[in-house]
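# Architecture at a glance
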Amino acid sequence: MKPIIYLLLFIVTHIGCVQKKIKITSAYIINPHWDEQANAIKITKQKVKKDSLLNPFKKLPQSELQTKLENDTSFLYVGNVKYNGEKYTIRKVYFNSWNGFFWWSNRGEIKTKTIGNLEKGNWYKFSQLVTYPYYVFVYVDSSNNLHRFDVNEANF
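Conventions used here
Residues numbered from 1 in each chain as written. Predicted model: local features only at pLDDT ≥ 70, side-chain atom pairs only at ≥ 80, totals over all residues. Heavy atoms only, no water. Core = buried A, V, L, I, M, F, W, Y, C linked by side-chain atoms within 4.5 Å. Buried < 20%, exposed > 50% of the residue type's maximum accessible area, 1.4 Å probe, protein only. Helix = DSSP H or I, 4+ residues; strand = E, 2+ residues; numbered from the N terminus. Contact = heavy atoms within 4.5 Å. Salt bridge = Lys/Arg side-chain N within 4 Å of Asp/Glu carboxyl O.

All right, on to the nonpolar core then. Counting 24 residues, the largest nonpolar core has Ile 29, Ile 43, Trp 103 and Phe 126 as its most contacted members. For this core, the secondary-structure elements that each account for two or more residues are strand 3 (40–48), strand 4 (69–80), strand 8 (123–127) and strand 9 (134–140). Per-element tally for this core: the top contributor is strand 9, with four residues. Excluding anything up to four places from it in sequence, Ile 29 contacts Ile 22, Lys 23, Ile 24, Trp 34, Ile 41, Arg 91, Lys 92, Val 93, Phe 95, Phe 126 and Leu 129. Residues Leu 54, Leu 65, Leu 69 and Trp 123 belong to the second largest nonpolar core, which totals ten residues.

The structure is reproduced here in structure tokens:
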């Protein structure tokens, strides 16, 4: 009887710990954490700092990403996903198509309907996706594959 109780406790504990995965491609994002109140997204192109090297093809520690990458101010967009009849949690937000909301850049002075697909050979930082300090860094390789690195500052 005791092994069954332990097994049930283990299952219940681990089901609660499973985190909903944010899906990012070079063309769109799906964020299962979005809802009517929390539906923001911020995308910033990153550049490797001078005298630093990062290999996006190997596992990188969170601290290395944050110390060796910096914002590239030529590409910084913020948006609030507007409701369009589709559940926020499954909605695809496209970078190269009109989604029913504007992307804002340059401290809110410039607005645009699209921002274009993520470009090959570049790093990007996604933030404001959840309510705690969590970032997703992606590198788009020459085959248009994304190499993803999650940074959860709540774990530090």
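In this section: the pattern of salt bridges. Tallied over the entire structure, the rule returns four salt bridges. Across the pair Asp 150 and Lys 21 runs a salt bridge, and its minimum N-O distance is 4.0 Å. Within this pair, whereas Asp 150 is found in strand 10 (residues 146–152), its partner Lys 21 is found in the loop between helix 1 (2–17) and strand 1 (23–24), the two being separated by 129 residues in sequence. With relative accessibility at 28%, the residue Asp 150 sits in the partly exposed group. Note that Glu 119 and Lys 45 form a salt bridge whose closest N and O atoms lie 3.4 Å from each other. Here Lys 45 lies in strand 3 and Glu 119 lies in the loop between strand 7 (110–112) and strand 8, a separation of 74 residues in the sequence. Using a relative accessible area of 11% as the deciding quantity, one classes Lys 45 as buried. Each of the salt bridges in this network shares a partner with another, and the network as a whole consists of Lys 21, Arg 148 and Asp 150.

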